[in-house]
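Here's the letter readout for the chains.
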Amino acid sequence: MPKQNPYEQYQRNKVLTASPAEITLMLYEGAIKFCNIAIMAIEQNDMEKAHTNIRKTQRIIEEFRNTLDRQYSVAEDFDRVYVYVLRRLFEANIQKDKEILEEVNMHLRTMRDTWKEVMMHCNKA
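Residues numbered from 1 in each chain as written. Predicted model: local features only at pLDDT ≥ 70, side-chain atom pairs only at ≥ 80, totals over all residues. Heavy atoms only, no water.

**Student:** Whenever I open this one, helix H5 (residues 98-124) confuses me. Can you help?
**Tutor:** Residues separated by three or four positions in an α-helix point in the same direction, a consequence of the helix having 3.6 residues per turn. For H5, with 27 residues, the first-to-last C-alpha span of 39 Å sits near the 39 Å given by 1.5 Å per residue. Buried residues along H5 sit against helix H2 (20-43), helix H3 (47-66) and helix H4 (74-95). The opening residue of H5 is Asp97, an N-cap whose side-chain oxygen sits 2.8 Å from the backbone nitrogen of Glu99. (Helix = DSSP H or I, 4+ residues; strand = E, 2+ residues; numbered from the N terminus. Expected span 1.5 Å × (residues − 1). Contact = heavy atoms within 4.5 Å. Polar contact = N/O pair within 3.5 Å; in protein donor to acceptor, adjacent residues only side chain to side chain.)

Pasting the structure below:
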């Protein structure tokens, strides 16, 4: 039996014990991280790494779209933002444009920060 990496075990336990709200926050953090890696890869002229990390970011946004609860009208607003972000990610990937990725990252940070505020508000209630 291979020896377990303590950090990997911690990360696995963190996900397995997280609430849905915490998982959403982790996904936003992951999207931001992958977008940052893609920006650095473009700066280093590593287009394969940029592509891989843009695709990771896209998959997270696609998951957000797929899990929207459409019974609430606000879901349509979120969907429009996610569609826009996906379009920009597609353009950034085709053009390998770090400015577009920086714009996407700004949107992701705003959504993450809003989500954190919602979580704090719900925890106080």
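**Student:** Explanation requested: a nonpolar patch on the surface in the structure shown.
**Tutor:** On the surface, Tyr72, Val74 and Phe78 cluster together into a nonpolar patch covering about 280 Å² of accessible area. Note that Phe78 resides in helix H4. (Patch = residues over 30% accessible without salt bridge, like charges linked within 9 Å, V, L, I, M, F, W, Y side chains within 5 Å. Areas by Shrake-Rupley, 256 points an atom, 1.4 Å probe, with all protein chains shown as cover. Salt bridge = Lys/Arg side-chain N within 4 Å of Asp/Glu carboxyl O.)

**Student:** It is not clear to me how the pattern of salt bridges should be interpreted in this structure. Could you clarify?
**Tutor:** Applying the stated rule across the entire model yields 10 salt bridges. Put simply, Arg87 and Glu91 hold a salt bridge, and the shortest N to O gap is 3.9 Å. Taken together, the positions of Arg87 and Glu91, both in helix H4 and four residues apart, correspond to about one turn of that helix. By relative accessible area, which is 22% here, Glu91 ends up partly exposed. For the salt bridge of Arg88 with Glu103, the shortest nitrogen-to-oxygen distance reads 2.8 Å. (Buried < 20%, exposed > 50% of the residue type's maximum accessible area, 1.4 Å probe, protein only.)

So yeah, pure geometry; function would need other evidence.
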